[in-house]
Amino acid sequence: MKTFFILGLTFLSLSAFADKHEEGTFEELKPKMIERVDKHIAHLQEVKSCVSAATDKAQLKACRDKMKAHREEMKKEKKAKKDKKKK
């Protein structure tokens, strides 16, 4: 019984902690998330077009390199945003 009580308190405290650290209200977060998803979809469509147009292995590699560069750019943006929050 004690275990369930402690687990319950832990869960409630963690969920409360997570809610306090969200930036903005639902109405503010939803459009931002949709914008990010649209950005990812647009990039994936570009990569799909690149792969579809490829006629040899070298062109496929170029598409992969383009996708990898975009992924690295997204990681840097995410890290910069995370570092900004810490300050």
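Further up the page is the structure itself.
Throughout what follows, the structure given in this document is the object of discussion. All of these numbers come straight from a predicted model, not from anything done at the bench. (Residues numbered from 1 in each chain as written. Predicted model: local features only at pLDDT ≥ 70, side-chain atom pairs only at ≥ 80, totals over all residues. Heavy atoms only, no water.)

What to know about the overall build of the chain
Stage number 1. From N to C terminus, the chain includes 3 helices and 0 strands.
Stage number 2. For the chain, the α and β elements follow one another from N to C terminus as α-α-α.
Stage number 3. Counting the 87 residues in the chain, one finds 6% classified as buried.
Stage number 4. Carbon together with sulfur atoms contributes 64% to the accessible area of the chain, which is approximately 8,300 Å² in total. (Helix = DSSP H or I, 4+ residues; strand = E, 2+ residues; numbered from the N terminus. Buried < 20%, exposed > 50% of the residue type's maximum accessible area, 1.4 Å probe, protein only. Areas by Shrake-Rupley, 256 points an atom, 1.4 Å probe, with all protein chains shown as cover.)

Some remarks on the packing of helix α2 (residues 26-53) against helix α3 (residues 57-86)
Stage number 1. Remark: α2 packs on α3, axes separated minimally by 8 Å, with the N-to-C direction vectors making an angle of 165 degrees. Considering their axes alone, α2 and α3 lie roughly antiparallel with respect to each other. The two elements α2 and α3 cross, and the hand of that crossing is right-handed. Contact residues: Lys 39, His 40, His 43, Glu 46, Val 47, Cys 50, Val 51 and Ala 53 in α2; Gln 59, Leu 60, Cys 63, Lys 66, Met 67, His 70, Met 74 and Glu 77 in α3. (Axes fitted to C-alpha atoms, helices over the stretch in contact; angles between N-to-C directions. Parallel < 35°, antiparallel > 145°, perpendicular 65-115°, else oblique. Left-handed = near helix turned anticlockwise from the far one by under 90°. Contact = heavy atoms within 4.5 Å.)

Focus: the state of the cysteines
Stage number 1. Within this structure, the stated rule accounts for 1 disulfide.
Stage number 2. Through a disulfide, Cys 50 is tied to Cys 63; the S-S separation comes to 1.9 Å. Its S-S torsion of about -90 degrees marks the bond between Cys 50 and Cys 63 as left-handed, since a negative value means left-handed. Linking Cys 50 in helix α2 with Cys 63 in helix α3, this pair joins segments that are 13 residues apart in sequence.
Stage number 3. What makes Cys 50 partly exposed here is its relative accessible area of 24%. (Disulfide = S-S within 2.5 Å.)

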